[in-house]
Amino acid sequence: MRKSLLLAALLAANGWAQTVPSEVLVPSGAQTDTVHSKNGKFQGSYKLKSGKISDLAAQARARAEAQGYKSVENQVSDQAAALVLEKGDKTLQISIDSRSGTISYVVKLEQNGN
């Protein structure tokens, strides 16, 4: 954990860290798996060791709705969640699932037409 914090601080100081859009929830305690941002598109993949999928889905939806997004799809169960939210020409897709005791949280943000 300490090494990953040091690496993140080093990357941020050198300008190499990816900026996460404000409408994207990065779960508290999540380990960043991958983050890509290019040409108006963003994709982030995160891993969590614990938590409830329904709570995480509600937090992610609330964060996006606070930024003006409207829910288009909202499928949530104990094992998985799929959310799609839209705002103007932007689409935010969130998928959450649990495998082998680890929660996978993947978010994609893109402008329609890209």
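Residues numbered from 1 in each chain as written. Predicted model: local features only at pLDDT ≥ 70, side-chain atom pairs only at ≥ 80, totals over all residues. Heavy atoms only, no water.

As for the pairing of strand β3 (residues 70-76)
Where we set the bar: Two strands are counted as paired when DSSP detects at least two bridges linking them. The helix count covers DSSP runs of H or I at least four residues long, the strand count covers runs of E at least two residues long, and both are numbered beginning at the N terminus.
Judged from the six bridges that link them, β3 and strand β4 (residues 80-87) form a sheet pairing that is antiparallel. Paired with N74 across the bridge in β4 is L83. Connecting the antiparallel pair β3 and β4 is a turn made up of three residues.

Digging into the packing of aromatic side chains
For any pair of aromatic rings, geometry is given as the distance between the ring centres together with the angle between the planes. Put simply, the rule reads: Only rings of Phe, Tyr and Trp enter the pairing, Trp through its six-membered ring, and a pair is recorded when the two centres are within 6.5 Å. The plane angle decides the type: under 30 degrees is stacked, over 60 is edge-to-face, the rest tilted.
For the structure shown, the criterion picks out one aromatic pair. With 6.0 Å between their ring centres and 45° between their planes, Y46 and Y105 make a pair best called tilted. With Y46 in strand β2 (residues 41-48) and Y105 in strand β6 (residues 102-111), this residue pair connects regions lying 59 residues apart in the sequence.

Observations regarding the nonpolar core
Threshold: Nine residue types can take part in a nonpolar core, namely buried Ala, Val, Leu, Ile, Met, Phe, Trp, Tyr and Cys, and a core is a set of them joined through side-chain atoms within 4.5 Å. Only protein chains enter the accessibility calculation, which uses a 1.4 Å probe; a residue is then buried when its area is under 20% of its type maximum, exposed when over 50%, and partly exposed in between. Note on contacts: a residue pair is in contact if any heavy atoms of the two residues lie within 4.5 Å.
Formed by 22 residues in total, the largest nonpolar core has its most connected members in L92, I94, I96, Y105 and V107. Within the residue set of this core, elements represented by two or more residues are β2, α2 (53-66), β4, β5 (90-99) and β6. Among the elements that make up this core, the one with the highest residue count is α2 (five residues). In this view, L92 contacts E23, V24, A64, Y69, L83, V84, L85, V107, K108 and L109; residues no more than four positions away in its chain are not counted.

Thoughts on the pattern of salt bridges
Counted only if it meets this: Each salt bridge in this description consists of a side-chain nitrogen of Lys or Arg and a carboxyl oxygen of Asp or Glu lying within 4 Å of one another.
Applying the stated rule across the entire model yields three salt bridges. In this structure, E23 engages K90 in a salt bridge whose closest nitrogen and oxygen atoms are separated by 3.7 Å. Placement of E23 in the loop between α1 (2-13) and β1 (31-38) and of K90 in strand β5 is noted, with a sequence separation of 67 residues between them. Given the relative accessible area of 8%, E23 is considered buried. Given a relative accessible area of 29%, K90 falls into the partly exposed group.

A few points about the sheet that holds β3
In any sheet, the strands associate via hydrogen bonds between backbone groups, in a parallel or an antiparallel arrangement. Keep this limit in mind: Every angle, taken between N-to-C directions, lies between 0 and 180 degrees, and every axis is a line fitted to C-alpha atoms, over only the stretch in contact when it is a helix.
Taken in spatial order, the six strands of this open sheet run β1-β2-β6-β5-β4-β3, and their pairing is antiparallel. In this open sheet, the two strands that pair with only one neighbour each are β1 and β3. Shown here is a sheet whose adjacent strand axes are inclined to one another by a mean of 5°, direction ignored. Where β1 and β2 come together, seven bridges link them in antiparallel fashion. Bridge pairing in β2 places T34 opposite S45. Those strands touched by α2 are β2, β3, β4, β5 and β6, and its axis lies near 5° from that of β4.

Honestly, that's just the spatial picture; any functional story needs more than this.
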